[in-house]
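These are the residues of each chain, in order.
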Amino acid sequence: MKFLADSMLGKLAKWLRILGFDTAYYNSVSDKNLIEIAEEEERILITRDKQLSRCWVVSCLYIKSESIDEQLHQIVKYFNLDIKETLGKFCPLCNEVLKEVEKKEIKLLVPELVYSSYKNFWKCLKCNKIYWEGTHWENIKKKVKELKGEN
Ligand SMILES: [Zn+2]
């Protein structure tokens, strides 16, 4: 299941990528273009725009709340999304597929303490950002637990 988030939903797009879902996001694109992209790339359009969500050309979901927690709950429940408790496959920043890299490959690219504290690292081949299951990961795991409890 692939998504396309409208410009109001940048934060939700990031979260969906972290949770492992391919989610496209552009911060300035017309409604017409959004629909074209969704149609062409077979993505479900998620939008805060009620009018746009009535579009019949592509599948749309109107996101009711402004709160990120409620948005996540709505979408997970609505599509019954299967959330894995591993790092998402997609770069939260650019939606590129992350590649697991050998630890030695990134030795010079991360702080020493990070290098010595973690075992698994992922790299985005588009923006070159390195990811690991750092302190931030605890919050993500908490969120995943919460969301799974909702299902
Ligand atoms: Zn990236």
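Just so it is clear, the structure is predicted and the values come from calculations on it, not from any experiment.

What counts, and where the lines are drawn
Residues numbered from 1 in each chain as written. Predicted model: local features only at pLDDT ≥ 70, side-chain atom pairs only at ≥ 80, totals over all residues. Helix = DSSP H or I, 4+ residues; strand = E, 2+ residues; numbered from the N terminus. Buried ≥ 20, exposed ≤ 12 C-beta atoms within 10 Å, placed from the backbone. Contact = placed C-beta atoms within 7 Å. Core = buried A, V, L, I, M, F, W, Y, C linked by C-beta atoms within 7 Å. Pairing = 2+ DSSP bridges. Axes fitted to C-alpha atoms, helices over the stretch in contact; angles between N-to-C directions. Domains from an automatic or database assignment. Nonpolar A, V, L, I, M, F, W, Y, C, P; charged D, E, K, R; others polar.

Attention now moves to the overall build of the chain. Looking only at helices and strands, one finds 6 helices and 7 strands in the chain. Listed N to C, the secondary structure of the chain is β-α-β-α-β-α-β-α-β-α-β-β-α in terms of helices and strands. For the chain, the spread of C-alpha atoms along the principal axes amounts to about 50 × 35 × 20 Å. When burial is assessed residue by residue, the chain has 23% of its 151 residues classed as buried. A fraction of 49% describes how many contacts in the chain between residues 6 or more apart in sequence connect residues 24 or more apart.

Core analysis: the largest hydrophobic core is formed by 21 residues, its most contacted members being Ala5, Leu12, Leu16 and Ile46. Only β1 (3–5), α1 (10–18), α2 (31–40), β3 (44–47) and α4 (68–79) provide two or more residues apiece to this core. In terms of residue count, the dominant contributor to this core is α1 (5 residues). The residues touching Leu12, leaving out its near neighbours within four places in the chain, are Ala5, Ile68, Gln71 and Leu72.

Positionally, Arg43 belongs in the loop between α2 and β3. Residues Arg43 and Phe3 lie 40 residues apart in sequence; the distance between their C-alpha atoms is 4.7 Å. In this view, Arg43 contacts Lys2, Phe3, Leu4, Ala24, Ile37 and Ala38; residues no more than four positions away in its chain are not counted.

Turning our attention to the sheet that holds strand β5 (residues 98–101). Read from one edge to the other, the open sheet built from 3 strands follows the order β5-β6-β7, with strand pairing classed as antiparallel. Sheet topology places β5 and β7 (130–132) at the edges, where each strand pairs with a single neighbour. For this sheet the average axis-to-axis angle between neighbouring strands, irrespective of direction, equals 35 degrees. Where strand β6 (residues 121–124) and β7 come together, 3 bridges link them in antiparallel fashion. Residue Trp122 lies in a different strand from β7, and its bridge partner there is Tyr131.

Looking now at the sheet that holds β3. As summarised here, the arrangement of the 4 strands in space is β2-β1-β3-β4, forming an open sheet in which the pairing is parallel. Since the sheet does not close on itself, it has two edges, and those belong to β2 (23–25) and β4 (60–62), each with one partner. Neighbour-to-neighbour, the strand axes of this sheet turn through a mean angle of 25 degrees, independent of strand direction. Direction of pairing for β3 relative to β4: parallel, over a ladder of 3 bridges. Each residue of the ladder has a partner; that of Leu45, found in β4, is Cys60. Packed on one face of the sheet, α1 meets β1 and β2 and runs near 150 degrees to β2.

The next thing to look at is the domain arrangement of the chain. Once the domains are mapped, the chain shows domain 1 (3–79) and domain 2 (88–132). Domain 1 and domain 2 are separated by 27 Å when their C-alpha centres are compared. Tallying the contact residues gives 8 residues for domain 1 and 6 residues for domain 2. Sorting the residues of the side of domain 1 that touches domain 2 by element identifies α1 and β2 as the ones contributing at least two each. Take the side of domain 1 that touches domain 2: its biggest share by element is 3 residues, from α1. Of the residues belonging to the side of domain 1 that touches domain 2, the class tally is 3 nonpolar, 2 polar and 3 charged.

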